[in-house]
Amino acid sequence: MREDGRLLAIRRVGNGAWQLPGGILELDETPEAGVAREVLETGIYVEVNELTGVYKNLPRSIVALVFHCKPSGGTKRTSSESTAVCWLTPDEVSERMSEVFAVRLDALDGNGPHVRSQDDKRLIPVG
């Protein structure tokens, strides 16, 4: 997230969906190193700060760790995984991303880390 509150987002090649940058950790790297590596695919270097959420996609057995990051340099660019890279406002994130990705903005409330479960389209209520 930039100082002006805009968040880095990408539009995925495979499905055209807007998402926060991310990917799969290598076996020999820390979560923080993996975040920095995955975000660098956008051309942006980041300082990785605190963990803000854990999001579990039940049907796919995927656990996503979300970190608050601060840009520290670079120039945005697309990669083989993205067709667009943009700095979006929180409102734009809510408009462009599906519920299961937009909810990760709950990190902005400062009350994390949040833990949430979802299917491929919707959050699964707790309890």
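Structural notes, computed from the coordinates.

### Some words on the packing of aromatic side chains
Then, number 1: In this structure the tally under the stated criterion is zero aromatic pairs.
Then, number 2: Between arginine 96 and the ring centre of tryptophan 18, over which it is positioned, the NZ or CZ distance is 5.1 Å.

### A look at the nonpolar core
Then, number 1: Membership of the largest hydrophobic core is limited to 11 residues, which are Leu7, Ala9, Trp18, Ala84, Leu88, Val93, Met97, Val100, Phe101, Ala102 and Leu105.
Then, number 2: For this core, the secondary-structure elements that each account for two or more residues are strand 1 (7–12), strand 5 (82–88) and helix 3 (99–102).
Then, number 3: In contact with alanine 84, not counting residues within four places along its chain, are Ala9, Ile10, Arg11, Trp18 and Thr78.
Then, number 4: Ranked by size, the runner-up nonpolar core spans 10 residues in total, among them Val39, Phe67, Cys69 and Val85.

### Some words on the sheet that holds strand 1
Then, number 1: The strand order 2-1-5 describes an open sheet built from three strands, whose pairing is antiparallel. Two strands close off the open sheet at either side, each with one partner strand: strand 2 (18–19) and strand 5.
Then, number 2: Looking at chain direction, strand 1 and strand 5 are connected through six bridges and run antiparallel. The residue bridging leucine 8 from the neighbouring strand is tryptophan 87, located in strand 5.

### Quick look at the pattern of salt bridges
A side chain of one charge can pair with a side chain of the opposite charge when the charged atoms of the two come close.
Then, number 1: Applying the stated criterion across every chain, the model contains eight salt bridges.
Then, number 2: Here arginine 6 and glutamate 92 are joined by a salt bridge, their closest N and O atoms 3.3 Å apart. Here the residue arginine 6 occupies a position in the segment before strand 1, and glutamate 92 occupies one in helix 2 (residues 90–96), the gap between them amounting to 86 residues.
Then, number 3: A relative accessible area of 22% means that glutamate 92 is categorised as partly exposed.
Then, number 4: Across the pair glutamate 99 and arginine 122 runs a salt bridge, and its minimum N-O distance is 3.7 Å. With a gap of 23 residues between them, glutamate 99 in helix 3 and arginine 122 in the loop between strand 6 (114–118) and strand 7 (123–124) connect regions that are remote in the sequence.
Then, number 5: Residue glutamate 99 is classed as partly exposed on the basis of its relative accessible area of 36%.

### Quick look at empty space enclosed by the protein
Then, number 1: Scanning the model with the defined rule gives one cavity of 30 Å³ or more in all.
Then, number 2: Its boundaries defined by the atoms lining it, the largest cavity holds a volume of some 60 Å³.
Then, number 3: The wall of the largest cavity is formed by Ile10, Arg12, Pro21, Gly22, Glu38, Glu41, Thr42, Ser79, Glu81 and Ser82.
Then, number 4: In terms of residue class, the lining of the largest cavity is built from two nonpolar, four polar and four charged.

### Things to note about the sheet that holds strand 3 (residues 44–57)
Then, number 1: The strand order across the open sheet formed by four strands is 4-3-6-7, and the pairing between neighbours is mixed. Each of the sheet's edge strands pairs with one partner strand only, and the pair in question is strand 4 (62–74) and strand 7.
Then, number 2: As paired elements, strand 3 and strand 6 share five bridges and run parallel to each other. Looking at the pairing, lysine 56 lines up with serine 117 of strand 6.
Then, number 3: Lying over the sheet, helix 1 (residues 31–40) contacts strand 3 and strand 4, oriented at roughly 110 degrees with respect to strand 3.

The rules behind these values
- Residues numbered from 1 in each chain as written.
- Predicted model: local features only at pLDDT ≥ 70, side-chain atom pairs only at ≥ 80, totals over all residues.
- Heavy atoms only, no water.
- Phe/Tyr/Trp six-rings, centres within 6.5 Å; stacked < 30°, edge-to-face > 60°.
- Lys NZ or Arg CZ within 6 Å of the ring centre and 35° of its normal.
- Core = buried A, V, L, I, M, F, W, Y, C linked by side-chain atoms within 4.5 Å.
- Buried < 20%, exposed > 50% of the residue type's maximum accessible area, 1.4 Å probe, protein only.
- Helix = DSSP H or I, 4+ residues; strand = E, 2+ residues; numbered from the N terminus.
- Contact = heavy atoms within 4.5 Å.
- Pairing = 2+ DSSP bridges.
- Salt bridge = Lys/Arg side-chain N within 4 Å of Asp/Glu carboxyl O.
- 1 Å grid on protein atoms, 1.4 Å probe; cavity = no way out; pocket = protein on both sides within 12 Å on 5 of 7 lines; lining within 4 Å.
- Points joined across faces, edges and corners; volume = space filled by probe spheres on them.
- Nonpolar A, V, L, I, M, F, W, Y, C, P; charged D, E, K, R; others polar.
- Axes fitted to C-alpha atoms, helices over the stretch in contact; angles between N-to-C directions.

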